[in-house]
Amino acid sequence: MRRVRGPVFPLLRHPLAPLSRTGRVVVCVLFAVWAFAMSVAWSPAFADDSQAAPAEGPYFQLPGGDPAIDRLPLKSTQVDARIAGVIADVTITQRYKNEGQRPIEARYVFPGSTRAAVHAMQVRLGGRVLNAKIEEKQRARIQHESAKREGKTSALLEQERPNVFQMNVANILPGDDILVELRYTELMAPTEGRYEFVFPTVVGPRYHKASTAGGSSSFPATPYLKEGEPPSSTFAMTVRFASPLPVGEVRSPSHGIEVAGEGTPQAEVTVNDTTPHNRDFILHYRLAGERTATGLTLFKGEGPDGGGENFFLAVVEPPRAIAPAQINPREYVFVVDISGSMHGYPLNTAKVLLRNLIGHLRPTDTFNVMLFSGSSQMLNPAPVAATRANIERAIATIDQQRGGGSTEIVPALKRIAALPKAGDVSRSVIVVTDGYVTVENEVFQLVRRNLGNSNVFAFGIGTSVNRHLIEGIARAGQGEPFVVTKPEMAAAQAERLRKMIDAPVLTQLRARFDGLEVYDVEPATLNALPDVLGGRPVLLFGKWRGEPRGQLVLEGQAATGTHTDVVPVRAPDADASALRHLWARSRIQQLSDQEALEGGSGQRDAITALGLHYSLLTQYTSFIAIDQIVRTSEVAVPVNQPLPLPQGVSNLAVGEVGAAVPSTPEPAAWLSLLVVLGLVGVALSRRGKW
C-alpha cells in the first residue's frame, strides 16, 4: 500500500499497518453485506415506507382512573334470532348499568351483519319504554347533545359502516339499569343448499392513517383489551326456526351450541355461554331433502284502498355447473396481507389457504404473488407458470412471513391494477386479508374502476373479519366473497373457488315477469343480470302493483345450452312484511355502491329519504330515543366501553406503526448482491497482486 505523506492530514503521517490477506477478504465481505443491505433498504418493495403513518384509531384500555366512575357499563348482550325461510328477524338487547357514583355517558362500538336492515330501537328505563325514532343523522346528533346538556337520558344509535354501529347512552345515573333493544332483518341466501347465519360479536381494530398524514377516516378511536383479556360483559344467544321444512345438519364451527328439535321445522339453538364472545357466531344448517327455499314470495302492503306498497322477492336455484371442454389461458394474482393484525393465527390460516389455492393450479396456469403491509412486494417481476418448482418457491416465501406493520391496501391494489395483461388471458385477482382497515370506499372504487378486466375474489381470514370490506370487494369485482375462520376450512373454501372459476354456471342471464306488473326492481337491469357463479341462487327484489298473477321467467346460457326457469306467482304472504325493509336495504346498498364509485356524497339525499321513509338506519340516518324527564344537573362523564381483541389477533394489531414487508427482497436487490459478490470474487482471484 502506498503511504500518504503531507502536513494537511496529520493523522495520515502515521498510517495504519497494511491489512493481511485475510483482513482484506473480511473487508470485502463486510462491504458486500453493507451494499446488499442498502440495496434492500432502497428497493421498490420499500418505496412506500415514507408514506406509512402510525395508526390513530385503536388503542389499549388503561387500567385505573376515577373509582367513582364505572368504566365498564355494558353488562350483557342477549341475542334472539327467529329464522323463517330465507329471512332472519333478530333482536339484540344490551343492558347498561352504572355501578359508579357519577352520571356517565356510555359509548360502545359493536358489529352487525353486513346484510342487516336495522329498523327499530327501544329503550327501557325504570319500567318505562321509550320508542326511538329515525332522524337525519346530524339532526339526531344535535337532539342527543341537547338532551344530554338538559340532564335527560338519551340513546343515539349511529351507523359507522354497514356492519359497524355506535351506541351512545347519555346520563346513566348511579344505579340505573337500562335496556336498549335493537331489531333488524336480513336475507340468508343458501350456497350449494347450505344456509349460513352469522352474528359478529366483536369489531376488529381498524388501521388507518392519521389525519395529519392525509387520512380522512371518521372511524371512532376504540379502546381494546390486551390480548387474552376476557370481555367484561356476558353474551347469550338463542336461534329459533319457523321453517316450512324440517331443519337438519345444524352445526356451528365457531361456538359450542345445544340443539333441540333437530329434524323438525321448529328446531332451536342456544349458544354455550362458556365460548368467549370474541369471534363471529356462525351457524350452518340444511333443509330437508336438499331443498332450498326457492320461489317467488309476495307481500301486500296496507294502505287506503289497498294502495300501500307491495313487495316481492325471487330466489331461483341455478343449474349445476358442468366443466367446459376448453378454458381460456388463466392467470392468478394473489394479494396477501401480512400486516400486524395478521400476525400469528390469521397469517397461519392464510398460509394453509394459499397452499391449497396455489398448490392446485394447473400447469398451464400462470400466477404471481404480492405481499403487502406498509409496502408491497411482488414475488416475480412477471407471472410464472404453475410448475411444481414455482409453486414450492411461492409457498416457501409465504411460509417465511411473520406479520407486522400497517395495512396499506390501496397502494397495493393500485400496483395490481397497473400490471400489464395479455388480451386472451383470463385474470383472477384473489385478495387475502382480515380487512382491518377504514378505507373501504377507496378500495371499492379502485376495484370497480381499475380491475374491471379481472374477476376479483376476496378471502377474509380470521375469527371476526371485516365482512363489509370482503363482500364489497367481491361485489365491485364481480367475484365472490369467502370467509375462512379456521385452518381446517381452508381446503374446502379453496375448492369452492376452484369450482367457480373452472366452470361457468349461467351467463347472459335475463329475467322477465309475464302477467305481473313490477317496478323498482333490484337489480334494475333485468335484461343483463350478472353471471351466476356456482351454487348460489339468483335474487331479485322489487315492488308490484295490480293483481298477483302470472310468472317469472329466467333464461340464460349454461354449459349444456339454454337454461330456463319458470316460477309461478303465488298468493301474497301476510307474514312476509320483512320484504319491505329488505327491498329498501338492497336499494340503499346499490346507491351506496354508486356513491363510492363517484366519490363524495352525491347519493346522500336519496339514501336519507329511503332511511326516513322505511325507518332504516343508514350512513345518513340515526335512531334516537330521549326521555323527557330531566334527571340530573351534573355533567355526565364520557366512558368508552373497551372491546376484546378478536380470537387469534395479537397485540400487534393495536398501535403498531407502518413497517415494511419483512420478506424476500426484490430481484434488483439480488442482482446488486451478485454484482458485489462478483467484484469480491475478481479481487480474490487477483489477491496476489494486492
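See the structure above.
This is a predicted model, so every value here is computed, not measured. The residue numbering used here restarts from 1 in each chain and proceeds along that chain's sequence as written. Local features are withheld for residues below a pLDDT of 70 in this predicted model, meaning they are given only at 70 or higher, and side-chain atom pairs are given and counted only at 80 or more; totals for whole chains, interfaces and linings count all residues. Values shown for side chains rest on all heavy atoms present in the structure; no hydrogens or waters enter the calculation.

A. A look at the packing of helix H6 (residues 440-450) against helix H9 (residues 578-598). The N-to-C vectors of H6 and H9 enclose an angle of 80 degrees; their axes lie 8 Å apart at closest approach. It follows that H6 is roughly perpendicular to H9 by the angle criterion. Contacts from Asn441, Gln445, Arg448 and Arg449 of H6 reach H9 at Asp593, Gln594, Ala596, Leu597 and Glu598. In this description, a line fitted to the C-alpha atoms serves as the axis of each element, helices being fitted only across the stretch in contact, and the angle between N-to-C directions of two axes falls anywhere from 0 to 180 degrees. Counting from the N terminus, the helices are the DSSP runs of H or I reaching at least four residues and the strands are the DSSP runs of E reaching at least two. For classification purposes, an angle smaller than 35 degrees is called roughly parallel, one larger than 145 roughly antiparallel, one from 65 to 115 roughly perpendicular, and anything else oblique. For this analysis, residues touch if any pair of their heavy atoms sits within 4.5 Å.

B. Fine view of helix H2 (residues 137-149). By this rule, a helix spans an expected 1.5 Å times one less than how many residues it contains. Compared with the 18 Å implied by 1.5 Å per residue over 13 residues, the 19 Å span of H2 between its first and last C-alpha is a close match. Categorising residues by exposure relies on relative accessible area from a 1.4 Å probe, with only protein chains included: less than 20% of the type maximum marks a residue as buried, more than 50% marks it as exposed, and the intermediate range marks it as partly exposed. Turning to H2, its buried residues are Lys137, Ala140, His144 and Ala147. Taken end-on, H2 shows its buried residues confined to a sector of 90 degrees, consistent with a single buried face. The outward face of H2, more than 90 degrees from its buried face, is lined by the exposed residues Ile142 and Arg149. On its buried face, H2 sits against strand E4 (104-111), strand E7 (133-136), strand E8 (152-161), strand E9 (164-172) and strand E32 (621-630). In the analysis that follows, any N or O atom pair within 3.5 Å is treated as a polar contact, provided that within protein one partner can donate a hydrogen and the other can accept it, and provided that, for residues neighboring in sequence, both atoms belong to side chains. The residue sitting at the N-terminus of H2 and contributing the capping side-chain oxygen is Glu136; that oxygen lies 3.1 Å from the backbone nitrogen of Gln138. Gly151 sits one or two positions beyond H2 and adopts a positive phi of about 85 degrees. Working definition: the arc comes from the directions between the helix axis and the C-beta atoms, pointing outward to the latter.

C. Representation of the packing of aromatic side chains in the model. Pairs were defined over the aromatic rings of Phe, Tyr and Trp, the Trp ring being its six-membered one, requiring ring centres within 6.5 Å. Orientation was assigned from the angle between planes: stacked under 30 degrees, edge-to-face over 60, tilted for the rest. By the definition in use, this model includes 13 aromatic pairs. Criterion for a charge above a ring: Arg CZ or Lys NZ at most 6 Å from the ring centre, at most 35 degrees from the ring normal. When the ring centre of Trp583 is taken as reference, the NZ or CZ atom of Lys543 above it lies at 4.2 Å. Directly above the aromatic system of Tyr519 lies the positively charged group of Arg545, at a separation of 3.9 Å from the ring centroid.

D. Up close: the pattern of salt bridges. A pairing counts as a salt bridge when a side-chain nitrogen of Lys or Arg comes within 4 Å of a carboxyl oxygen of Asp or Glu. As enumerated under the stated definition, the model contains 33 salt bridges in all. Between Glu145 and Lys148 there is a salt bridge; the shortest N-O distance is 3.1 Å. Highlighted residues: Glu145 and Lys148, both in helix H2, separated by three residues, approximately one helical turn. By relative accessible area, Glu145 is classed as partly exposed at 29%. Residue classification places Lys148 among the partly exposed positions, given a relative accessible area of 22%.

E. Spatial organisation of the sheet that holds E7. Strand order in this open sheet of six strands is E7-E32-E8-E9-E4-E33, and the pairing throughout is mixed. Only two strands of the sheet have a single partner each, and these edge strands are E7 and strand E33 (637-640). In this sheet, adjacent strand axes meet at a mean angle of 25 degrees when their direction is disregarded. DSSP calls a pair of strands paired once it identifies at least 2 bridges connecting them. Two strands pair when backbone bridges link them, and E7 and E32 are joined in this way by four bridges, in the antiparallel orientation. Note that in E32 the partner of Glu136 across the bridge is Thr621. Across the sheet, helix H10 (residues 604-613) touches E7 and E32, and the angle it forms with E7 is around 165 degrees.

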